[in-house]
Amino acid sequence: MTTSPISAPAAPAADHGSARALTGKRRIAFASFVDEDNLPGFLVLLRSLALSNPGVCEDFIVLHEELSQASVAAMRELHPRVVLRRVDADSYDAYAKGDQDNNLVRKAYLPLDVFRVRDYDTVIALDTGMMVLGPVTELLALRHGLAAVPRPLDDDKVRVFDGGPLVIQKEYLTDEVCATMDEIGRSGTYELDRHGPGVISALFDGDLVGLDPRYGLVEGSLSGDLPLPQDTAVVHFTGRDKPWQGGATGHGRARERWAEFDITDAELHAAYLGSPGPHHHDLLVHYGTPHVERTRDVGTARRVALAHIGAGDYQSAVDIMERVHIPVDEAWPHEVYGQALMSLSRYAEARAQLLLAAAAPNRAATALSRLAQIAWVHGDDAQAQKYALSGLDMEPMHKASRTWHRRAIGVPVQQAGSAGDQLAHVAFYMDRQGNAGDKLLPESVRLAFGPETTARRWHPVHAHRLFDEAALERVNARRGLVIGGGGLFIPDTMPNGSSAWQWNVPDELLSRIDVPIAVYAVGFNAFDGQSYRAERFRSSLSRLVERSSFFGLRNHGSIEKVRAMLPDHLHDKVRFQPCPTTVTRRLVADWQDPAEREDTILLNGAYDRAGLRFGHDYGYFLAQLAKAVPELGKLAEVKCVAHSLDDERLAFDLRREHGVSLPVIPMYDFENDEIRAVYARTKLVIGMRGHAGMIPFGCGTPIISLISHPKMTYFLRDIGRPEWGVSVHDRDLAELLVERSRDLLDDHPKTVADVHGLQRELWTITQANAADLRVILAG
């Protein structure tokens, strides 16, 4: 029977129900077939992977027919993200063709079951006879084809792939591929011991990507106890007698390396914690927690606590620090413990820990900056200044101390005016040189309520300051409270235990606000892979919705997320209110569209929470931009626009890694009018930040969004232009950016008219909501 090879199929349609589908972020997994006989090899594989790649922790799919609870428990002790998948062994009986050793047939064929995985974008299949000795980051970064280590046969006329990992992209994980494999397998074309590699070669010969031989060193090549090459990344024991069965004789050097990973859990924990970093959060927590339980080691507790803090799990950080005794002179653990406590609003306990940390010169500046933060949160600006200045005395260039000093001396001065004529306004009021989008937002929200945006009509309430009795009294003296100015529903920008979102308001005080509350154009801003302290956030959110007379969210994605956290009777209170930046032309008095535009394209990147934005794809993203920028430069001059200081990294990395130079516009230094003017004058903005899309759109400028956060997709869906977004993970990122930029610029007046038309629809909604708000706020 002859079966023709199949070409690479088209990628399956995305599942738009998940955050990964919204951002295009790749989901990667390792996979192995495991049974009770080869379990010892699999456990060594897991240990070797962790110790050789301490910064890698992807899902590990375990394909199996049947495993005991003890075996599953042993796996889970070694890897926090084991995913069990039972396979149907009976489907392979037809392959046996009368072979008496049907179990051997199954073992030869069952690894092909990895092609039945459907919920990952990249699967790296590993055999239980492998051990990992070097970095596998190159495998994680692969995005095209089906990759394996080639082995020549028949005088190099035929290649099969054997001896190392098999890296499979999603377009091969299809029913069509599995059916064709089954057909070839049942044909009897390939010998039993080479069936898997043979089928793969027959199907995909034109698409196969050859991996470097260092990923597939077969132990047979080490006969005579030859040493392993220094750059070896993966060793594959392919013989029938595996090391855990007493095999690999004559390959003593390889067997010795295998034995290095045949260790107890306690030995693994200690080895991992002692290995050079960076260490993956999940593995650090998974191995570090039992190590702390066993040893009460303060240093490990500190590291695990920092991992929890980085993931927004502040309670777990406190819990791990409470399990150890911290000596008085151990400054760093006191500082980390203090940070975790203040993130839960346990401020008095946090102060005590931070004061102990401040006694050590090497940790003093950071501890003092956190003490300044606590003082500022409580409205004690004088004390905040003192702590911040003390931190600067210890380290004159200490960034956090400078930030809190500026914030403490930058309290807005209230103009004379009647409190009864004012609206209180809860927002994140950005510091000088802070994020340009967040700087513009409070004023934009105020413009939606009228042309007067100064303290004559508005009483500012900084969301990050503790809302106490004095703040409550001031708010209740006004005629209403507006809450809005950014993605306030995010857990970690300024964590607190009062609400678990950005407004530091205790439930009891929120309940005592007796003026109308309007939540205006707030966004649900959690990143893909980021979570809230669910119960605390849900409780605060429900109370806020109950108390609000108007509850408007800035995109329908946020509406769906928030409604899912509310009881049914509150769902109808949640409505759509576009971000006011998207209708800037309608809000700013005497707005004039530019008569002529500069022949420029503004390019914006974002680097906060870079791991959540890019995953393993930052190098790929940068290379794609380096490819796109010269082509974009043929359409207009390309400039880098930085909303924050960190955004300048895009220009630095492009120049350093690829020799591509871009001028930088430091928008973080601009006043609001200048921000709007720059975006109004350019022809096109390609932006990664949410407000690098919404602000230029509101100024009438065409946009393309570099999507690394669900909110970008939410906005483009709301305006009916999903094609204006390109995922930072897209395989054809460079080509799509150039193609879509050319489309938008070819008939620029038509594109601008389209933006204006879409904006009119958002303005109609905004006007309808404004009519309701005038009634609610009595003016």
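Cut-offs and rules
- Once a new chain begins, its residue numbering starts again from 1 and follows that chain's sequence as written.
- Owing to the predicted nature of the model, reporting of local features is limited to residues with pLDDT of at least 70; listing and counting of side-chain atom pairs is limited to 80 or more, with chain, interface and lining totals taken over all residues.
- The side-chain numbers reported here are obtained from all heavy atoms of the structure, hydrogens and water having been left aside.
- We define a salt bridge as a side-chain nitrogen of Lys or Arg found within 4 Å of a carboxyl oxygen belonging to Asp or Glu.
- A run of H or I in DSSP becomes a helix once it reaches four residues, and a run of E becomes a strand once it reaches two; helices and strands are each numbered from the N terminus.
- Exposure categories follow from relative accessible area, calculated using a 1.4 Å probe and restricted to protein chains: below 20% of the type maximum is buried, above 50% is exposed, and the middle band is partly exposed.
- One less than the number of residues in a helix, times 1.5 Å, gives the span that helix is expected to have.
- Paired strands, in this sense, are two strands between which DSSP finds at least two bridges.
- Lines fitted to C-alpha atoms define the axes here, with helix axes fitted over just the stretch in contact, and angles between the N-to-C directions of these axes take values from 0 to 180 degrees.
- Contacts are residue-level and defined by heavy atoms, with any inter-residue pair within 4.5 Å sufficient.
- For Phe, Tyr and Trp, rings pair up if their centres lie within 6.5 Å, where Trp contributes its six-membered ring, and each pair is then called stacked (planes under 30 degrees apart), edge-to-face (over 60) or tilted (otherwise).
- Here, over-ring charges are defined by two tests on the NZ atom of lysine or the CZ atom of arginine: distance to the ring centre within 6 Å, and angle to the ring normal within 35 degrees.
- Viewed with both strands pointing away, a crossover whose connecting path from the first strand over the helix to the second turns clockwise is right-handed.
- Residues grouped as a nonpolar core are buried Ala, Val, Leu, Ile, Met, Phe, Trp, Tyr and Cys residues, joined through side-chain atoms within 4.5 Å.
- We define a polar contact as two N or O atoms separated by no more than 3.5 Å, with the added condition that, inside protein, one atom must be a possible hydrogen donor and the other a possible acceptor, whereas residues neighbouring each other in sequence contribute only through side-chain atom pairs.
- Across the chain, each position has a pLDDT score giving the predictor's confidence in that residue, from 0 to 100.
- Any angle that is under 35 degrees is reported as roughly parallel, and any over 145 degrees as roughly antiparallel; angles of 65 to 115 degrees are reported as roughly perpendicular and all others as oblique.
- The crossing is said to be left-handed when, going from far helix to near helix, the turn is anticlockwise and less than a right angle, and right-handed when the turn is clockwise.
- Under the scheme applied here, ten amino acids are nonpolar (Ala, Val, Leu, Ile, Met, Phe, Trp, Tyr, Cys and Pro), four are charged (Asp, Glu, Lys and Arg), and all others, including Gly, are polar.

**Observations concerning the pattern of salt bridges**
Part 1 of the reasoning: Considering all chains together, one arrives at 41 salt bridges under this definition.
Part 2 of the reasoning: Note that K627 is salt-bridged to E735, the shortest N-O span being 2.6 Å. Separated by 108 residues along the polypeptide, K627 in helix α25 (residues 618-632) and E735 in helix α30 (residues 733-746) bring together distant segments of the chain.
Part 3 of the reasoning: Relative accessible area serves as the criterion here: at 46%, K627 is assigned to the partly exposed category.
Part 4 of the reasoning: Judged by relative accessible area, E735 falls into the partly exposed class, the value being 38%.
Part 5 of the reasoning: D653 is the salt-bridge partner of R649, the closest N and O atoms lying 2.8 Å from each other. Here the residue R649 and the residue D653 both occupy positions in helix α26 (residues 649-658), the gap between them amounting to 4 residues, near one helical turn.
Part 6 of the reasoning: Note on D653: relative accessible area 2%, which makes it buried.
Part 7 of the reasoning: Taken together, the salt bridges that share partners define one network made up of D608, R609, R613, D647 and R689.

**A few points about helix α15 (residues 361-377)**
Part 1 of the reasoning: Taking 1.5 Å of rise per residue, 17 residues should cover 24 Å, and α15 covers 25 Å from first to last C-alpha, within 8% of that figure.
Part 2 of the reasoning: Buried residues dominate α15, accounting for 15 of its 17 residues.
Part 3 of the reasoning: Note on α15: the residue one or two positions beyond its end, G379, has a positive phi of about 80 degrees.

**As for unusual backbone geometry**
Glycine aside, a negative phi is what most residues show, and trans is what most peptide bonds show.
Part 1 of the reasoning: In this model, G277 is joined to P278 through a cis peptide bond whose omega is 5 degrees.
Part 2 of the reasoning: Residue position: P278 is located in the loop between α9 (265-273) and α10 (281-295).
Part 3 of the reasoning: Its identity as a non-glycine residue notwithstanding, R296 has a phi of 60 degrees, on the positive side.
Part 4 of the reasoning: With respect to the secondary-structure elements, R296 resides in the loop between α10 and α11 (298-310).
Part 5 of the reasoning: Of note in this structure, D590 is not a glycine but carries a positive phi near 60 degrees.

**Overview of α25**
Working note: α-helix, 3.6 residues per turn, so residues spaced by three or four point in the same direction.
Part 1 of the reasoning: For α25, spanning 15 residues, the distance from its first C-alpha to its last is 20 Å, which sits close to the expected 21 Å at 1.5 Å a residue.
Part 2 of the reasoning: The set of residues buried in α25 consists of Y618, Y620, F621, L622, Q624, L625, A626, A628, V629 and L632.

**Description of the sheet that holds strand β1 (residues 28-33)**
Part 1 of the reasoning: Here we have 7 strands laid out as an open sheet, ordered β3-β2-β1-β4-β9-β6-β10, and mixed in their pairing. Taken across any chain shown, the strands that pair with only one partner, and hence form the sheet edges, are β3 (82-86) and β10 (208-210). Strand-to-strand, the axes of this sheet are offset by a mean angle of 25 degrees, without reference to chain direction.
Part 2 of the reasoning: Here strand β6 (residues 146-148) pairs with β10 via 3 bridges, running parallel. What sits directly across from A148, in β10, is G210.
Part 3 of the reasoning: On top of the sheet, helix α2 (residues 39-52) reaches β1 and β2 (59-64); it is set at about 170 degrees to β2, its chief contact.

**Details of the packing of aromatic side chains**
Part 1 of the reasoning: Applying the stated criterion across every chain yields a total of 20 aromatic pairs.
Part 2 of the reasoning: Measuring from ring centre to ring centre gives 5.7 Å for F449 and W458, while their planes differ by 80 degrees; the resulting arrangement is edge-to-face.
Part 3 of the reasoning: By relative accessible area, F449 is classed as buried at 15%.
Part 4 of the reasoning: Pairing F524 with F537 gives two aromatic rings, centres 6.5 Å apart and planes at 55 degrees, and the pair type is tilted. In this pair, F524 sits in the loop between β16 (517-522) and α21 (534-547) while F537 sits in helix α21, placing the two residues 13 residues apart along the sequence.
Part 5 of the reasoning: Linked through ring pairs, F467, F489, W501, W503, F524, F537 and F551 together constitute an aromatic cluster.
Part 6 of the reasoning: Stacked on the ring of Y620, the Lys or Arg R143 has its end atom at 3.9 Å from the ring centre.
Part 7 of the reasoning: Taking NZ or CZ as reference, R302 lies 3.8 Å from the ring centre of W332, over its face.

**Focus: the environment of A680**
Part 1 of the reasoning: With respect to the helices, strands and loops of the structure, A680 is situated in helix α27 (residues 672-681).
Part 2 of the reasoning: Each C-alpha atom of the pair A680 and G698 lies 8.7 Å from the other, and the pair is 18 residues apart in sequence.
Part 3 of the reasoning: Filtering out sequence-adjacent residues up to four positions away, A680 remains in contact with W591, P594, R597, C699 and T701.

**Some thoughts on the pairing of strand β17 (residues 550-553)**
Part 1 of the reasoning: Along β17, one buried face is formed by F550 and G552 and the opposite face, lined by F551 and L553, is buried too.
Part 2 of the reasoning: Of the pairings in the sheet, the one linking β16 to β17 comprises 3 bridges and is parallel in character. The partner of V519 across the bridge, within β17, is F551.
Part 3 of the reasoning: Taken together, the 3 bridges between β17 and strand β18 (residues 574-576) define a ladder with parallel strand orientation. Bridging across to β18, G552 finds its partner in R575.
Part 4 of the reasoning: Once the chain exits β17 it traverses helix α22 (residues 556-563) before rejoining the sheet at β18, and the crossover so formed is right-handed.

**What to know about the sheet that holds strand β5 (residues 130-132)**
Part 1 of the reasoning: Strand order in the open sheet made by the 3 strands is β5-β12-β11, with mixed pairing throughout. The open sheet is flanked by β5 and β11 (217-218), the only strands paired with a single partner.
Part 2 of the reasoning: Of the strand pairs in this sheet, β11 and strand β12 (residues 234-236) are connected by 2 bridges, and their pairing is parallel. By the bridge assignment, L217 is partnered in β12 with V235.

**Considerations on the nonpolar core**
Part 1 of the reasoning: Ranked by internal contacts, the top residues of the largest apolar core, which has 110 residues, are F489 and W503.
Part 2 of the reasoning: Of the residues forming this core, the biggest block, 9 residues, is contributed by α25.
Part 3 of the reasoning: One finds Y272, I309, V318 and A375 within the second-largest nonpolar core, a separate group that totals 81 residues.

**Considering the side chain of R689**
Part 1 of the reasoning: Mapped onto the fold, R689 is located in the loop between β22 (684-687) and α28 (691-698).
Part 2 of the reasoning: Of the polar contacts made by the side chain of R689, one reaches the side chain of D608; its length is 3.4 Å.
Part 3 of the reasoning: Within the structure, the side chain of R689 is placed 2.9 Å from the side chain of D647, a separation counted as a polar contact.
Part 4 of the reasoning: With sequence-adjacent residues up to four places away left out, R689 is seen in contact with N435, N604, G605, A606, Y607, D608, R613, H643, S644, D647 and M712.

**Topic: the confidence of the model for the chain**
Part 1 of the reasoning: Residues with a pLDDT of 70 or more make up 87% of the chain, whose mean pLDDT is 88.
Part 2 of the reasoning: This model gives residues 1-17 a pLDDT under 50, and the stretch forms 27 contacts once residues within four places in sequence are excluded.
Part 3 of the reasoning: Note that pLDDT drops below 50 for residues 93-110; the model gives that stretch 35 contacts with residues more than four away or on any other chain.

**Regarding the packing of helix α14 (residues 347-357) against α15**
In a pair of packed helices, the angle between the axes and the distance between the axes together describe the arrangement.
Part 1 of the reasoning: At a minimum axis separation of 8 Å, α14 and α15 run at an interaxial angle of 155 degrees. Between α14 and α15, the angle falls in the class roughly antiparallel. Pair α14 / α15 crosses with left-handed handedness. Touching Y347, A350, R351, L354, L355 and A357 of α14 are R363, A364, A367, R370, L371, I374 and V377, all from α15.
Part 2 of the reasoning: Taken together, the residues that form the contact of α14 with α15 break down as 10 nonpolar, no polar and 3 charged.

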